[in-house]
Amino acid sequence: MAEGEPEAGGDGGAGEDGCPLHEREAEIRSASRAVGALTRPAGTGTGELLVYTGAAGLGKTAVLTEVRREAQRAGCTVLFARGGERQRHEPFRVVRRLLQPVLAALSDEDRAQVFGPWEDIVGPAVGLLPPGGQLDPQGVRDGLDFVLTRLVQRRSPVAVIVDDLHWADPESLGWLAGFALRAPELPALLVLACRDEFPDDALTLQRGLLGRADRRHELRPLQPASVAHLVRAALGAQAEDAFCRHVWAVTAGNPYETTALLREVLDQRLDPVEESTGQLRELAAGARGMTPRHWLEKLGPTALRFAWAASMLGTDIRPELAAVICAQGPETAAQSIRELRRHGVLTGAPGGRLEFLHPLIATSVYQSMPAATRTGMHGVAAVETENAGLGLLVASRHLLETLPDGDRAIVGKLRRAAREHLAIGAPEAAQRCLRRAISEPPADRDRAAVLYELGCSALLTDPATTVNQLRLALADPYGLGPELRVDATFRLAQALAHSNRLGEAAAVCAEEAARTPPGPGRLRLEVAHFMFAAFQFEDEDGPGRSRRLAEFDRMLETVGLAFTDADSDTDTGTGTGAAGGPSPDGAMFEQNGLVHAVAVLRCWDLTLRGVDRKEAIALAESALPDGRLPRSLGWTNTTWGFELPGILGISYLYADRVDRAEQLFTEAVRAYEVAGWSGGHLGFAYLLTGMLRFRCGALAEAEDYLRRALRIAERIGPGVPLHWDAVGALAETLAARGRLAEALELAQTHAFGPPYPTVMVLPDAPTLYGRLLLARGDAPGAAATLTAAGAALDARGWRNTVWAPWLGHLARAVAPDEPDRARDLAGEAVRRARESGTDSAVGSALRLCAAVHDRPRAAGLLAEVVRHLERSPARYEHALALVDLGEALGTGPAARTALARGLELAAHCGADGLAARAGDLLRTAGAAG
């Protein structure tokens, strides 16, 4: 049990006072078996997920109390928390109740071991560190997984017990839903109890979590015999059968309602005889206590007011804070507490924290408050909670319950609370605060800024909200300041682009650039135009835009970043914004960052056009002073976003400079893991690293990274570009490993095919789809797809034969029916590859060209292929070429040498299918020789 956690009130009043848990023997035995399995000899214990469900009052808490005791007796480390109806808007509250006591008690050495690199990310969520910068929610969940796993390893066996799951805050619930998947792998028992009804916003998570239960027990109402036992235990053995039977009838066998009714019978000194049964229904209705009159008559006005204040504080009631909220002095509050204890309303150790005997009582008391009183007391609670040092994270839930009154101070508090929520990885909580701030409302001059903050708070989790709120902020008549206006445009464009709405994103940036005065903001928008235009597959003026990008670069060099009237005439075209956001030091951006950004975009443009690699590499190097990313282009810097360092690394990769690409992609993974950005950013870094490993022939490593990227994409949801790219790259890797059937099944499962995404950064999607069609034997379908892809790419001016090797694969598709056309297509692919001067590009194009020629000509071409590829990092392509060369040579020492080298290299790459093919050919060549 977590330290300081008061003993639970019973769902049924049984179990806490020594009475047996009637008709719950099977549930207790199930828990005992689970604890027994957990506490087997060291290293053999197994965990599971055990769930108890049922309507309110059926005894779930009493059962969990027994589970806690059983786990403690067995030597388990017990982590316990309870959801609270009034505390559902406190993010990570259940997580804090579970983990904070045990983590706070760790020695410095144990703390370092348990937290590892995650302390700065997990610490704020569990309340052990003050909030810092904005955190990625998925990163916080991943960090919590790490910390609890380490804790289990050091304190096993561990029992994690959560009562009233239906009132858990969404952030804790989201983490629990993910951790439940891992619980069986650890010596950790996860025990949950919840009611059958669920709040709508948590329904999916809760049902998904409960559906994973290893064992689930649905508690049922008590039978008449058990109710009779409770009646006679409370009223005496003389209670008549008819009276007992009627108690069962009016309470429907609900243990809590039975116990509450029996307290009323005792208070009224009603004889437990048949003649008294006529009064039981009225007493039962009163015992449920849902009316102000009932509580006023039962408690009196003074104690009732204290109970109201207590009901606002939830499951962990500080007596002194409740007293301040209801304006009672120490003596009056002490008398109120005594009365509430006497009437079975509150419980808890004397002098310590209090809680309601049962959650139904807390609900009843809270609902008995007049609306005006409730609103006023929430306002007082917000102030006094903050004054008590509990912070805005707790106080803000009270502010959400107050009525709008145009109070600028409340707007300020809600905005600060939103920043704190974001700093612990709780964007939904931040959005609640900001929506409430807007309804206050803020001053006219502040309204657009609050809308901007609301839009930005949803950027990682709800792009639709980001789009709507940032559009409102930009349209607000009082408007944003110049810096925020540019940044809001960037973030709006980013949300649109990452939602596969590049056309709208382009229009946003173009329109805003046109009305922005000359200066840093305008230049930033103009660069954004070029950046996202480079990612757009369909562009009516792609070649013209490439020319204007070069002119823009020369203009910057000529004017030395002087902002003149002439600059305002620069064509802005269309494009989308990057990740947006002011740099950490608050500056709009560094001027050198602008130069570097344009250099990266020109490098990418030249890379896609397939021009001489030396030009592209020179531009890439100019963007890396001292061989390192400048701060303005850093992976976690929001001025330009992750797209620019990403395309810089890909440009290096396609130019055979894998050393630079690996440096950049390794830095990306490390930066996102350290920052706790475990969502799309880390998925993109894994994707890039997987592409690098594939290009270098480390196929097993590539598969691992690409599967990581796909898992993250699936968590984010379908339709995002990351999901498409991860599926395509993984399918290509599986095919290269000789698992074509698995690759095709993956593509089919994830609907990899048209319509294609509009965001095009990674290898050309239509080309890859056409290659998959060709691999499964659909040459006509592949030819049609590759022909259409090629037409679009040529119109765009993109001739890079590595990024989109459509010509060589189209040649293979048409070769059986149109051999002359196939050779022409393959020859054109080779000419384009030679323009780049990249060994891997030339070697790959020549290898595909060899596939459409007769054996003698193919052998000559493949010998040249091998010479190019052995100078390149493309080891898998090199292995393919060696095996193809050996096959083309037929028999003899040269064939066997090529095949042996190809077999060795294929095995080293993890290309099992290619290795098997090489082995078969080598045996045939040996037999023939």
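Going by the structure above, here's the rest.
Notes on the structure in this doc start here.

About the cut-offs
Here the residue numbering is sequential within each chain, running from 1 through the sequence in written order. It should be noted that, the model being predicted, local features are given only for residues of pLDDT at least 70 and side-chain atom pairs only at 80 or more, the latter also being counted only at that level, while totals for whole chains, interfaces and linings use all residues. By convention in this description, side-chain values take in all heavy atoms of the structure and omit both hydrogens and water. Secondary structure elements follow DSSP: runs of H or I of four or more residues count as helices, runs of E of two or more count as strands, with numbering from the N terminus. Each residue is assigned to one of three classes by its accessible area relative to the maximum for its type, calculated with a 1.4 Å probe on protein chains only: buried under 20%, partly exposed between the two thresholds, exposed over 50%. Residue contacts are defined here by distance: any two heavy atoms, one from each residue, within 4.5 Å place the two residues in contact. Accessibility throughout is a Shrake-Rupley quantity obtained with a 1.4 Å probe, and a residue counts as covered only by protein chains that appear here. Two strands form a pair only when DSSP identifies at least two bridges running between them. Lines fitted to C-alpha atoms define the axes, with helix axes restricted to the stretch in contact, and inter-axis angles between N-to-C directions lie between 0 and 180 degrees. A pairing counts as a salt bridge when a side-chain nitrogen of Lys or Arg comes within 4 Å of a carboxyl oxygen of Asp or Glu. Pairing of aromatic rings covers Phe, Tyr and Trp, the last through its six-membered ring, and needs centres within 6.5 Å; plane angles under 30 degrees mean stacked, over 60 mean edge-to-face, and all others mean tilted. Sitting over a ring, as applied to charges here, requires NZ of Lys or CZ of Arg to be within 6 Å of the ring centre and within 35 degrees of the ring normal.

**Some thoughts on the overall build of the protein**
Alright, step 1. Scanning the protein from N- to C-terminus turns up 44 helices and 7 strands.
Alright, step 2. Taken along the three principal axes of its C-alpha coordinates, the protein extends 110 × 75 × 50 Å.
Alright, step 3. The buried share among the 929 residues of the protein stands at 60%.
Alright, step 4. In the protein, the share of contacts with a sequence separation of at least 24, taken over all contacts with a separation of at least 6, comes to 71%.
Alright, step 5. When the accessible surface of the protein is split by element, carbon and sulfur atoms take 51% of a total near 35,900 Å².

**Here's the deal with the sheet that holds strand 1 (residues 49–53)**
Alright, step 1. Taken in spatial order, the 5 strands make up an open sheet running 2-3-4-1-5, and their pairing is parallel. Looking at the sheet topology across the chains shown, the edges are occupied by strand 2 (77–82) and strand 5 (215–218). Going across the sheet, the axis of each strand differs from the next one's by a mean of 10°, ignoring polarity.
Alright, step 2. Against the sheet, helix 1 (residues 25–38) touches strand 1, strand 3 (158–163), strand 4 (188–194) and strand 5, its axis set at about 160° to strand 5.

**Some words on the pattern of salt bridges**
Alright, step 1. For the structure on display, the rule yields 57 salt bridges.
Alright, step 2. Note that Arg715 and Asp142 form a salt bridge whose closest N and O atoms lie 3.9 Å from each other. Here Asp142 lies in helix 6 (residues 137–155) and Arg715 lies in helix 33 (residues 699–716), a separation of 573 residues in the sequence.
Alright, step 3. Salt-bridge contacts for Asp920 lead to Arg923; the nearest nitrogen and oxygen are separated by 2.3 Å. Remark: Arg923 and Asp920 occur in helix 44 (residues 912–928); sequence separation between them is 3 residues, near one turn of the helix.
Alright, step 4. Take Arg923: its relative accessible area is 57%, and that puts it in the exposed class.
Alright, step 5. If you follow the salt bridges from partner to partner, you end up with Asp794, Arg799, Glu828, Arg831, Arg832 and Glu835 in one network.

**Quick word on the packing of aromatic side chains**
Alright, step 1. Within the structure shown, the criterion is met by 12 aromatic pairs.
Alright, step 2. Centroid distance Phe642 to Phe684: 4.8 Å. Interplanar angle 50°. Geometry classified as tilted. Of this pair, Phe642 sits in the loop between helix 29 (613–622) and helix 30 (643–654) while Phe684 sits in helix 32 (residues 680–695); the two residues are 42 residues apart in sequence, bridging distant segments of the chain.
Alright, step 3. On the accessibility criterion, Phe642 (10% relative accessible area) is buried.
Alright, step 4. Judged by centre distance (5.8 Å) and plane angle (15°), the ring pair of Tyr672 and Trp677 falls under stacked.
Alright, step 5. Since its relative accessible area comes to 0%, Tyr672 is described here as buried.
Alright, step 6. What makes Trp677 buried here is its relative accessible area of 17%.
Alright, step 7. Here a set of aromatic residues connected by ring pairs shows up, and it is made of Trp635, Tyr672 and Trp677.
Alright, step 8. One cation-aromatic arrangement involves Arg524 over Phe490; the distance from NZ or CZ to the ring centre is 3.8 Å.
Alright, step 9. For Arg708, the ring lying beneath its charged end belongs to Tyr686, and the centroid distance is 5.1 Å.

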